[in-house]
Amino acid sequence: MTDDANEGTPPGLAAPAPPGTSALPEGTYDGAAVLVTGGGTGLGRAIAAEFARLGADLVIASRKEERLKAARDELGALGGRVAAVACDIRDPERVAEVFDAAQDAFGLPGVLVNNAAANFPVPAEDMSPNAWRAVVDTTLTGTFFMTREFARRHLAAGSPGSVINIGASYAWTGGPGFAHSAAAKAGVKSLVESLAVEWGPYGIQVNGLVPGLMPHEDMTDDIRDNLDRAAPAQASQAGQLGARQPALRVGAPRELGWAATFLASPYARFITGHTLVVDGANWQRRGLVSPEVVTVREQMGRGPFER
């Protein structure tokens, strides 16, 4: 029997499996060490949690020590061992120290997840040189420094490894209002494709992973303000935001974690140089008729440009 109120309404993509379930066999990462940058908050913490559920020893790195302690306690409750290390990935000396600490704790990490990044919306003409450097140095240069250190240690040891770089769909499309981040993420995507070829002969995989809209408690004020403009903050916000997605729902952070654990697992050894988009096809959406153009300045509520 059908519900007349919902008759004719498409169902959208099915809801994800419940929290606490895993996408891979129990113990898939027993004895493996996994290093996650930006692992103290948000999507980085969600990714780390799924590796922990599968038996991994975790090293989480972040610039903010206070958040690392809370994340370490939360992730440790899932059963694995967790080490937390403060690090600015823009500094190659600090990057080396993070790997030293990881090796001292659990041995050389077999998996590196480059999740740490910087971002905020700004019209390109208003962007200061420092703003450009802050985002590009963290998102692109920091990712390279981490990946380079990981590979050099594995090459010296003659051991295989897996790198996952967290990207963004505007690496393909461009990102008006986020020119600094879009340029950096395009560079991150290019690193995936270049380094997968360079290091494949040595057993090192390099893949990318792009999240869609996956609301979580650690979203920045800028991102939360954008979501509030799209759907006023209230109990039904998730439903309103979901209505703007082809899937007719938003993503759950654990869905990104499941994808990450698969890409680095023994079941994905022949996948490298690939960037997987986990966003319910939202980045591919196009309307039959293009909407009216609204400048980035107008969208951000800024007046005319003044030099």
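Look above for the structure.
Being a predicted model, the structure only gives us computed values, none of them experimental.

(A) Just unusual backbone geometry, in detail. One non-glycine residue, leucine 248, lies in the positive phi region at around 60 degrees. The residue leucine 248 is located in the loop between α8 (237–242) and α9 (253–263) in this model. Non-glycine residue alanine 281 carries a positive phi angle of around 70 degrees.

(B) Representation of the sheet that holds strand β5 (residues 161–166). Judged by pairing direction, the sheet is parallel, and its seven strands sit side by side in the order β3-β2-β1-β4-β5-β6-β7 without closing on themselves. Among the strands making up the open sheet, the edge pair consists of β3 (82–86) and β7 (275–278). Shown here is a sheet whose adjacent strand axes are inclined to one another by a mean of 20 degrees, direction ignored. Direction of pairing for strand β1 (residues 33–37) relative to strand β4 (residues 111–114): parallel, over a ladder of three bridges. Each residue of the ladder has a partner; that of valine 36, found in β4, is valine 113. Of the strands in this sheet, β5, β6 (204–211) and β7 touch α9, which is tilted by about 165 degrees from β6.

(C) Quick peek at empty space enclosed by the protein. Within the structure shown, the criterion is met by one cavity of 30 Å³ or more. In this structure, the largest cavity spans a volume of roughly 50 Å³. Taken together, 14 residues form the lining of the largest cavity, with Asn165, Gly167, Val188, Lys189 and Thr275 sitting closest to its centre. When residues of the lining of the largest cavity are traced back to their parent elements, those giving at least two are β5, α5 (170–173), α6 (179–199) and β6. For the lining of the largest cavity, the leading source of residues is α6, giving four residues. Of the residues in the lining of the largest cavity, the class split is eight nonpolar, four polar and two charged.

(D) Region of interest: the packing of helix α1 (residues 42–53) against helix α2 (residues 65–76). Across the interface, α1 lies against α2 with an axial gap of 10 Å and an inter-helix angle of 30 degrees. Considering their axes alone, α1 and α2 lie roughly parallel with respect to each other. In this structure, α1 crosses over α2, and the sense of that crossing is right-handed. Across from Arg45, Ala48, Ala49 and Ala52 in α1, the residues of α2 making contact are Ala71, Glu74 and Leu75. Looking at the contact of α1 with α2, its residues break down into five nonpolar, no polar and two charged.

(E) A look at the nonpolar core. Grouped together as the largest cluster of nonpolar side chains are 29 residues, with contacts concentrated most on Tyr29, Phe51, Leu58, Val113, Ile164 and Leu209. Among the elements of the structure, β1, α1, β2 (57–62), α2, β4, β5 and α9 are those that each provide at least two residues to this core. It is α1 that contributes the most residues to this core, six residues altogether. For isoleucine 164, the residues in contact, after removing those within four places along its chain, are Leu112, Val113, Asn114, Asn207, Leu209, Ala260, Leu263 and Ala264. Of all hydrophobic cores here, the second largest spans 26 residues; its members include Ala102, Leu112, Leu195 and Trp199.

(F) Highlighting the pattern of salt bridges. Applying the stated criterion across every chain yields a total of 13 salt bridges. Measuring nitrogen to oxygen at the nearest pair gives 2.8 Å for the salt bridge that ties arginine 81 to aspartate 57. Here aspartate 57 lies in strand β2 and arginine 81 lies in the loop between α2 and β3, a separation of 24 residues in the sequence. The buried category is assigned to aspartate 57, whose relative accessible area is 9%.

What counts, and at which threshold
- Residues numbered from 1 in each chain as written.
- Predicted model: local features only at pLDDT ≥ 70, side-chain atom pairs only at ≥ 80, totals over all residues.
- Heavy atoms only, no water.
- Helix = DSSP H or I, 4+ residues; strand = E, 2+ residues; numbered from the N terminus.
- Pairing = 2+ DSSP bridges.
- Axes fitted to C-alpha atoms, helices over the stretch in contact; angles between N-to-C directions.
- Contact = heavy atoms within 4.5 Å.
- 1 Å grid on protein atoms, 1.4 Å probe; cavity = no way out; pocket = protein on both sides within 12 Å on 5 of 7 lines; lining within 4 Å.
- Points joined across faces, edges and corners; volume = space filled by probe spheres on them.
- Nonpolar A, V, L, I, M, F, W, Y, C, P; charged D, E, K, R; others polar.
- Parallel < 35°, antiparallel > 145°, perpendicular 65-115°, else oblique.
- Left-handed = near helix turned anticlockwise from the far one by under 90°.
- Core = buried A, V, L, I, M, F, W, Y, C linked by side-chain atoms within 4.5 Å.
- Buried < 20%, exposed > 50% of the residue type's maximum accessible area, 1.4 Å probe, protein only.
- Salt bridge = Lys/Arg side-chain N within 4 Å of Asp/Glu carboxyl O.

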